[in-house]
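Coordinates in review
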Amino acid sequence: MSIQLFHNDLSPPSRVVRILIKLLDLKVEETKISLIADEHLRPEFTSINPFHQVPTLIDGDFTLWESRAILTYLVDRFAPGNSLYPSDLKARATIDRWLYWDIGTMYATLRPFIANGSIDSEADQLFKDKAKELDDSLAETKYVAGDTLTIADLSLGVTINFSVAIGIDLSGLSHINRWTKQLESDLKSDTWSRLVVQPNNALVWLYHI
Ligand SMILES: N[C@@H](CCC(=O)N[C@@H](CS)C(=O)NCC(=O)O)C(=O)O
């Protein structure tokens, strides 16, 4: 059965999902949706996702959007028990906690940038305060949710690297910097370059930062 992902090359939530697809080596048919051309508002797409957002996944007769929900679904569906999202209830709950914290707190702080191409000093400070909390946690563990790579690292890794690319200065957060280098070495260099660095650079160029 073919799996389809509607995505946008620059969209951070789309990239989180595409990194997982690479890591699990899944065969997924990827379709680009141009947000600039308003393709996400066309009936062909809103009939699939009435919330008109990427990423959106189709697995047979099942359609799913919300990047972090797609992450957990893909591991459970195609690699159940994988250490990226293990079966143990408490381990999963810890990973879920980080996923929700990312999308509801960290990435949410960057939304004004996505909408306007800039964030004010209040949002900048809020993001740094939250990043410091992550940094304190990473002082205790190798990865976000413990000592193994999980989907929480993919999620927060994209958010943190995106924030740095748009000019939020996290250089003083040594544990985040150590973890970022770890992520870069864990993902194949092609994946890191294609799904983290290059799209961030393109966004910086697009928004004239
Ligand atoms: N919470 C959603 C956010 C997805 C999102 O914001 N996607 C943007 C692109 S980065 C989008 O599709 N925007 C078009 C729209 O909202 O109409 C997720 O994690 O999947």
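As a starting point, this report considers the structure included with it. Everything numeric in this text was worked out from a predicted model, so none of it was measured.

1. Examining the sheet that holds strand E4 (residues 62–65)
If you trace the four strands from one edge of the open sheet to the other, you get E2-E1-E3-E4, paired in mixed fashion. Pairing within the sheet leaves two strands with one partner each, and these edge strands are strand E2 (28–32) and E4. Pairwise comparison of adjacent strand axes, ignoring direction, gives a mean angle of 20° for this sheet. Pairing analysis gives five bridges linking strand E1 (residues 3–7) to E2, with the strands arranged parallel. Counterpart to Ile-3 in the pairing with E2 is Val-28. Against the sheet, helix H1 (residues 12–24) touches E1 and E2, its axis set at about 145° to E1.

2. Remarks on the pattern of salt bridges
As a working rule, side chains carrying opposite charge can pair if their charged atoms are close by. If you walk through the whole model with that rule in mind, you get 11 salt bridges. The shortest N-O distance in the salt bridge between Glu-133 and Lys-130 comes to 3.5 Å. With a gap of three residues between them, Glu-133 and Lys-130 both fall in helix H6 (residues 121–138), about one helical turn apart. Taking the relative accessible area as the measure of exposure, Glu-133 reaches 40% and is therefore partly exposed. In this structure, the salt-bridge partner of Arg-194 is Asp-190, at a minimum N-O distance of 3.7 Å. Of this pair, Arg-194 and Asp-190 both sit in helix H9 (residues 189–206), four residues apart, which is roughly one turn of the helix. For Asp-190, a relative accessible area of 43% translates into the label partly exposed. Each of Asp-9, Arg-18, Glu-30 and Lys-32 takes part in salt bridges that share partners, so that together they form one network.

3. Describing unusual backbone geometry
Note the cis peptide between Val-54 and Pro-55, where omega equals 5°. Topologically, Pro-55 is positioned in the loop between helix H2 (43–46) and strand E3 (56–59). One non-glycine residue, Asp-25, lies in positive phi territory at about 55°. With respect to the secondary-structure elements, Asp-25 resides in the loop between H1 and E2. Although it is not a glycine, His-52 adopts a positive phi angle of roughly 45°. Tracing the sequence through the fold places His-52 in the loop between H2 and E3.

Rules behind the numbers
- Think of each chain on its own: its residues are numbered from 1, step by step along the sequence as written.
- For this predicted model, a pLDDT threshold of at least 70 governs which residues receive local features, and a threshold of 80 or more governs which side-chain atom pairs are given and counted, while totals over whole chains, interfaces and linings are taken from all residues.
- Calculation of side-chain values draws on the structure's entire complement of heavy atoms; hydrogens and water are dropped beforehand.
- Paired strands are those between which DSSP finds at least two bridges.
- Per the convention used, a helix needs a DSSP run of H or I reaching at least four residues, while a strand needs a run of E reaching at least two, with both numbered from the N terminus.
- A fitted line through C-alpha atoms serves as each axis, taken over the contacting stretch for helices, and the angle formed by two N-to-C directions is quoted from 0 to 180°.
- We call two residues in contact when some of their heavy atoms are within 4.5 Å.
- By definition, a salt bridge exists where a carboxyl oxygen of Asp or Glu is found within 4 Å of a side-chain nitrogen of Lys or Arg.
- The rule is simple: take the accessible area with a 1.4 Å probe, protein chains only, and divide by the maximum for that residue type; under 20% is buried, over 50% is exposed, in between is partly exposed.

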